[in-house]
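Here is how the chains run, residue by residue.
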Amino acid sequence: RTAQDAPQGLSYVIGGDIGRENDATAFCVVGRSSEGDAWICELRTMRRAPFPEQFAVLSELVQRYAPLRIVMDRTFNPQSTEDAQRAWPFLVEPFVFGAQSKIDLIARASAFFTAKRVQCPERNYQAINEIANIRKVISDAGNVQYKDKPHGDIGWACLLALWGIHQGDDMAYVPLSL
């Protein structure tokens, strides 16, 4: 937690947790500094927003931040993600939440947190609080699950943005398939 705002000159990634009926749609903009810190720059939530409104908010964020990557949930409501892929085909990475993908998502984000590389201005601290509510649960069948109560759409959007940050020396992203 910091009282500072994010510095200028960051390389940005947008994470999007798409909701429609019960969950909110949340977008999180994370910027990576040349020192490797991940700054939580902006959070947006929308309740029961139609797909065109979700696309308009994402378009505004893309125009403002010129992200190198957009990682979007396409688990239950793929329309927003598919619309974004048509608009920005080389930027958008669809992410399907499942047992293994959540394990991988949490593991990658944990690397940033344990290295103390996440910087969060006070006004965006809800993202950190929601991530902190995610718990590892072992089901009766012995499967690992990640549950959060209350459900934290902003936290999941932040995790998706952190997923989109390249772990190497730079954030260059080359799509695996065209």
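First things first, this report covers the structure right here in the doc.

So, how was this worked out
Residues numbered from 1 in each chain as written. Predicted model: local features only at pLDDT ≥ 70, side-chain atom pairs only at ≥ 80, totals over all residues. Heavy atoms only, no water. Helix = DSSP H or I, 4+ residues; strand = E, 2+ residues; numbered from the N terminus. Rg over C-alpha atoms; globule rule 2.2 N^0.38 Å. Areas by Shrake-Rupley, 256 points an atom, 1.4 Å probe, with all protein chains shown as cover. Axes fitted to C-alpha atoms, helices over the stretch in contact; angles between N-to-C directions. Parallel < 35°, antiparallel > 145°, perpendicular 65-115°, else oblique. Contact = heavy atoms within 4.5 Å. Nonpolar A, V, L, I, M, F, W, Y, C, P; charged D, E, K, R; others polar. Pairing = 2+ DSSP bridges. Buried < 20%, exposed > 50% of the residue type's maximum accessible area, 1.4 Å probe, protein only. Right-handed = clockwise from strand over helix to strand, strands pointing away. Core = buried A, V, L, I, M, F, W, Y, C linked by side-chain atoms within 4.5 Å. Arc of directions from axis to C-beta.

## Describing the overall build of the chain
Counting its regular elements, the chain contains five helices and eight strands. Reading the chain from its N end, one meets helices and strands in the order β-β-β-α-β-α-β-α-β-α-β-β-α. In terms of overall dimensions, the chain is globule-like: its C-alpha atoms have a radius of gyration of 15 Å, near the 16 Å expected for 178 residues. When the backbone C-alpha atoms are referred to their principal axes, the chain occupies close to 50 × 35 × 35 Å. Entry remark: accessible area of the chain is about 9400 Å², with carbon and sulfur atoms responsible for 49%.

## Here's the deal with the packing of helix α3 (residues 99–114) against helix α5 (residues 153–163)
Remark: α3 packs on α5, axes separated minimally by 9 Å, with the N-to-C direction vectors making an angle of 75°. Comparing the axis directions of α3 and α5 gives the class roughly perpendicular. Contacts between α3 and α5 involve Lys102, Asp104, Leu105, Ile106, Arg108, Ala109, Phe112 and Phe113 from the first element and Trp156, Leu159, Leu160, Leu162 and Trp163 from the second. Across the contact of α3 with α5, the residue classes tally to 10 nonpolar, no polar and three charged.

## So, the sheet that holds strand β3 (residues 38–46)
What the six strands build is an open sheet, ordered β5-β4-β1-β2-β3-β6; its pairing is mixed. Here the strands that pair on one side only, and so sit at the sheet edges, are β5 (92–95) and β6 (118–119). In the sheet, strand β4 (residues 69–73) pairs with β5 via four bridges, with the strands oriented parallel. Looking at β5, one finds that valine 71 is bridged to glutamate 93. Sheet contacts for helix α1 (residues 51–65): β1 (11–17), β2 (25–32), β3 and β4; angle to β3, the most-contacted strand, approximately 155°.

## Here's the deal with the side chain of serine 80
Among the secondary structure elements, serine 80 is positioned in helix α2 (residues 78–87). When neighbours within four sequence positions are excluded, serine 80 is seen to be in contact with Ile18, Phe51, Gln54 and Met72.

## Some words on the pairing of β4
Of all five residues that make up β4, five are buried, and the element is covered over most of its length. Burial along β4 is two-sided: the residues Arg69, Val71 and Asp73 and Ile70 and Met72 are all buried. Summarising the sheet, β1 and β4 pair through four bridges and their orientation is parallel. For glycine 15, the partnering residue across the bridge sits in β4 and is valine 71. The parallel pair β4 and β5 is bridged by α2, and the resulting crossover is right-handed.

## Focus: the nonpolar core
Formed by 32 residues in total, the largest nonpolar core has its most connected members in Val30, Ile40, Leu105, Trp156, Leu159 and Leu162. Top element by residues in this core is α5. It accounts for nine residues. When neighbours within four sequence positions are excluded, leucine 159 is seen to be in contact with Leu105, Ile106, Ala109, Ile131 and Ile134. In this structure, Phe27, Val57, Tyr65 and Ile70 belong to the second largest nonpolar core, which totals 20 residues.

## Description of the side chain of threonine 81
Within the element layout of this structure, threonine 81 appears in helix α2. Discounting chain neighbours no more than four positions away, the residues touching threonine 81 are Ile18, Met72, Asp73, Arg74, Val92 and Pro94.

## Points about α2
Of the positions making up α2, those classed as buried are Ser80, Thr81 and Ala84. Taken end-on, α2 shows its buried residues confined to a sector of 95°, consistent with a single buried face. Lining the buried residues of α2 we find α1, β4 and β5.

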